[in-house]
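Observations on the three-dimensional arrangement
Listed here are the chains, written in short residue letters.
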Amino acid sequence: MRSLYSDHSTWLHAVPAGAKLAALALLGTLLFVFDSPLGTLALSAVALGLFASLGRATRPAWRLIVMVGVAAVLVALFHLWLGQAWLGLANALRLVSAAMLGALLTLTTRFDALLAVFEALLAPLQRLGIRTEGLALGLGLMLRFTEHFFVQWRRLDDAYRARTGRAGGLRLLAPLTIRMLVTARRVADALAARLGR
């Protein structure tokens, strides 16, 4: 599966995957805990600053951020129509900030490093007789397939734009679904062959 991981080395590449996951969880939680305008704006500024600090390494994720930004504008306009301007702005900022924080993790963390963190976090469950290897692999694959979804969507949209000069929009859902199902089948076959099942 293709990945958004950036080979352009940044300061965040050197940070351990566990620390990045912990920081992402903390900042993501704080985004939705703060109700004050200043708190939300401050956390959004932190997310934007961290994202911008990666420089060229953010290029693979810009299409995703723009798409989330468009959705955030629609959310803000809907709330404005309901007479909830501040709530709309806050939700839009939270949405874009969460997307940037997730992109930070994806751009700077290899899949095997994330998998190792999941295995370490789930290790205590082994004392209860729970086999955690499959659970950790499932969590890792969920993250990879989410990332792969956006990569494939971007590639299909680029191809459609090259042919027609317009964005693909909802027309891409059918080919995107087929590609994702084919990828899932290939991964399942590879896992079955690797595990001998």
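Residues numbered from 1 in each chain as written. Predicted model: local features only at pLDDT ≥ 70, side-chain atom pairs only at ≥ 80, totals over all residues. Heavy atoms only, no water.

The final tally for this structure, using the stated rule, is two aromatic pairs. Ring plane angle 80 degrees and centroid distance 5.4 Å describe the contact between Phe51 and Trp62, whose orientation is recorded as edge-to-face. Placement of the pair is Phe51 in helix 2 (residues 37–52) and Trp62 in helix 3 (residues 62–81), with a sequence separation of eleven residues. Ring geometry for Phe78 against Trp81: centres 6.2 Å apart, planes inclined by 40 degrees, an arrangement best described as tilted. Here Trp81 and Phe78 lie together in helix 3, a separation of three residues that amounts to about one turn. (Phe/Tyr/Trp six-rings, centres within 6.5 Å; stacked < 30°, edge-to-face > 60°. Helix = DSSP H or I, 4+ residues; strand = E, 2+ residues; numbered from the N terminus.)

On to the domain arrangement of the protein. Assigned domains within the protein: domain 1 (11–109) and domain 2 (130–195). Of note, the centres of domain 1 and domain 2, computed from C-alpha atoms alone, are 23 Å apart. Each partner contributes residues to the interface: domain 1 has five residues there, and domain 2 has six residues. Across the domain 1 to domain 2 interface the summed buried area is about 520 Å²; carbon plus sulfur atoms make up 64%. Joining domain 1 to domain 2, the criterion identifies zero salt bridges. On the surface where domain 1 and domain 2 come into contact, there are zero residue pairs in polar contact (both at pLDDT 80 or more). Broken down by element, the side of domain 1 that touches domain 2 gets its largest block of residues, three residues, from helix 3. Tallied by class, residues from the side of domain 1 that touches domain 2 come to three nonpolar, one polar and one charged. (Domains from an automatic or database assignment. Contact = heavy atoms within 4.5 Å. Buried area = accessible area lost by both parts, 1.4 Å probe. Salt bridge = Lys/Arg side-chain N within 4 Å of Asp/Glu carboxyl O. Polar contact = N/O pair within 3.5 Å; in protein donor to acceptor, adjacent residues only side chain to side chain. Nonpolar A, V, L, I, M, F, W, Y, C, P; charged D, E, K, R; others polar.)

Turning next to the side chain of Ser97. By secondary structure assignment, the location of Ser97 is in helix 4 (residues 85–108). For Ser97, a relative accessible area of 2% corresponds to the buried category. A polar contact is formed between the side chain of Ser97 and the side chain of Ser44, at a distance of 3.1 Å. Apart from the residues within four sequence positions on either side, Ser97 is in contact with Leu31, Ser44 and Ala47. (Buried < 20%, exposed > 50% of the residue type's maximum accessible area, 1.4 Å probe, protein only.)

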